[in-house]
Amino acid sequence: MTSAAGTTPAPMFGASSSTTHISLQLKRFSGGSKENPEAFLRQLKYAKAASAWTDVQALHYAGLHLDGKAAEWFSNQDFSSWAPFEKALLERFGLDPTKMLSALSRRTQGKEESVRDYADSLRTLARCSSNRHVEAMLLHFFLEGLRDDVRKFVLTRRPNSFD
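Since we're looking at a predicted model, the values are computed, not measured. (Residues numbered from 1 in each chain as written. Predicted model: local features only at pLDDT ≥ 70, side-chain atom pairs only at ≥ 80, totals over all residues. Heavy atoms only, no water.)

Student: Looking at this structure, how should I read the overall build of the protein?
Tutor: Counting its regular elements, the protein contains eight helices and zero strands. When its helices and strands are written in sequence order, the protein yields α-α-α-α-α-α-α-α. When each of the 163 residues of the protein is scored for burial, the buried share is 33%. In the protein, once contacts between residues fewer than 6 apart in sequence are set aside, the share between residues at least 24 apart is 54%. Carbon and sulfur atoms provide 52% of the accessible area of the protein, an area that totals close to 10900 Å². (Helix = DSSP H or I, 4+ residues; strand = E, 2+ residues; numbered from the N terminus. Buried < 20%, exposed > 50% of the residue type's maximum accessible area, 1.4 Å probe, protein only. Contact = heavy atoms within 4.5 Å. Areas by Shrake-Rupley, 256 points an atom, 1.4 Å probe, with all protein chains shown as cover.)

Student: Sorry if this is basic, but what is going on with the confidence of the model for the protein here?
Tutor: Across the protein, the average pLDDT comes to 81, with 79% of residues at 70 or higher. Ranking the elements of the protein by mean pLDDT puts helix α5 (residues 100–106) last, at 78, and helix α3 (residues 68–75) first, at 97. In this model residues 1–11 is a low-confidence stretch, pLDDT under 50, and it forms five contacts with partners more than four residues away in sequence or in other chains. (pLDDT = per-residue confidence, 0-100.)

Student: Would you mind showing me how to read helix α4 (residues 82–93) here?
Tutor: Note on helix geometry: an α-helix contains 3.6 residues per turn, so any two residues three or four positions apart are oriented the same way. Helix length check: α4 (12 residues) gives 16 Å between terminal C-alpha atoms against 16 Å at 1.5 Å per residue, within 8%. Three or more residues of α4 are buried, namely W82, F85, E86, A88, L89 and F93. In the core, the buried residues of α4 are packed alongside α1 (37–51), α2 (55–64) and α3. (Expected span 1.5 Å × (residues − 1).)

Student: What am I meant to see in the pattern of salt bridges here?
Tutor: Should their charged atoms come close, side chains of opposite charge can pair. Per the counting criterion, the structure on display carries seven salt bridges. A salt bridge links D55 to K48; the shortest N-O distance between them is 3.0 Å. The exposure class assigned to D55 is partly exposed, which follows from its relative accessible area of 27%. (Salt bridge = Lys/Arg side-chain N within 4 Å of Asp/Glu carboxyl O.)

Student: Even after reading the chapter, I still don't get the nonpolar core, so can you show me in this structure?
Tutor: Soluble globular proteins tend to pack their nonpolar side chains together in the buried interior. Ranked by internal contacts, the top residues of the largest apolar core, which has 21 residues, are F29, L44, W73, F79, W82, F85 and L89. The set of elements that each furnish at least two residues to this core consists of α1, α2, α3 and α4. Looking at which element gives the most residues to this core, the answer is α4, with five residues. Apart from residues lying up to four places away in sequence, F29 is in contact with E35, N36, P37, F40, H65, L66, D67, A70, L89 and F93. Within the second largest apolar cluster, 18 residues are counted, among which are L125, A126, L138 and F142. (Core = buried A, V, L, I, M, F, W, Y, C linked by side-chain atoms within 4.5 Å.)

Student: Help me understand unusual backbone geometry in this model?
Tutor: For residues besides glycine, phi is generally negative; the peptide bonds are generally trans as well. One non-glycine residue, A52, adopts positive backbone phi at about 55 degrees. Relative to the helices and strands, A52 is located in the loop between α1 and α2. Taking relative accessible area as the criterion, A52 reaches 62% and is therefore assigned exposed.

Student: Can you help me understand the environment of L44 in this one?
Tutor: Considering the arrangement of structural elements, one finds L44 in helix α1. Between the C-alpha atom of L44 and that of A62, which follows or precedes it by 18 residues, the distance is 7.0 Å. Once residues within four sequence positions are removed from consideration, L44 is found in contact with L26, Y61, A62 and W82.

Student: Could you clarify how one ought to interpret the packing of α1 against α2 in this entry?
Tutor: The relative placement of two packed helices is expressed as an angle between their axes plus a distance between the axes. At a closest axis distance of 10 Å, the pairing of α1 and α2 adopts a crossing angle of 135 degrees. When the axes of α1 and α2 are compared, the pair comes out oblique. Of the two possible hands of crossing, α1 and α2 adopt the one that is right-handed. Between α1 and α2, the contacting residues are F40, L44 and K48 on the first element and D55, A58, Y61 and A62 on the second. In terms of residue class, the contact of α1 with α2 is built from five nonpolar, no polar and two charged. (Axes fitted to C-alpha atoms, helices over the stretch in contact; angles between N-to-C directions. Parallel < 35°, antiparallel > 145°, perpendicular 65-115°, else oblique. Left-handed = near helix turned anticlockwise from the far one by under 90°. Nonpolar A, V, L, I, M, F, W, Y, C, P; charged D, E, K, R; others polar.)

Here it is as structure tokens:
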């Protein structure tokens, strides 16, 4: 099939004549300290499911969306299935659980950041923890990191859980 511009569209992985084409625009991942490998993997999982890709197809697509040290790391691996790739990416680029408490204590609500966005950010950090008391820790760091005006209001409600 040729488009009006005279070019042939690129085939989709696993596409057949009855497949609906989906336009995917995924964020790239370079392995930087400010990037979230969980978010990168989540978007890839959604694309994999929506496109009915095999593990190998999804791994190729993932490799196309890596830059910098993440791309270099990936090129030195030999993944043939999704689960080992996912585990290895998180081990290599995820937050070190031993640094989680430090990251939680440094994280504060931004000047223009909503309370919900701030809370979501803390939850993402806490996912790295193996601590049984993670809910109590989250509440503590959540309250400590709120802007002063917001903290005073929240404390009048006497929260007893992070939710």
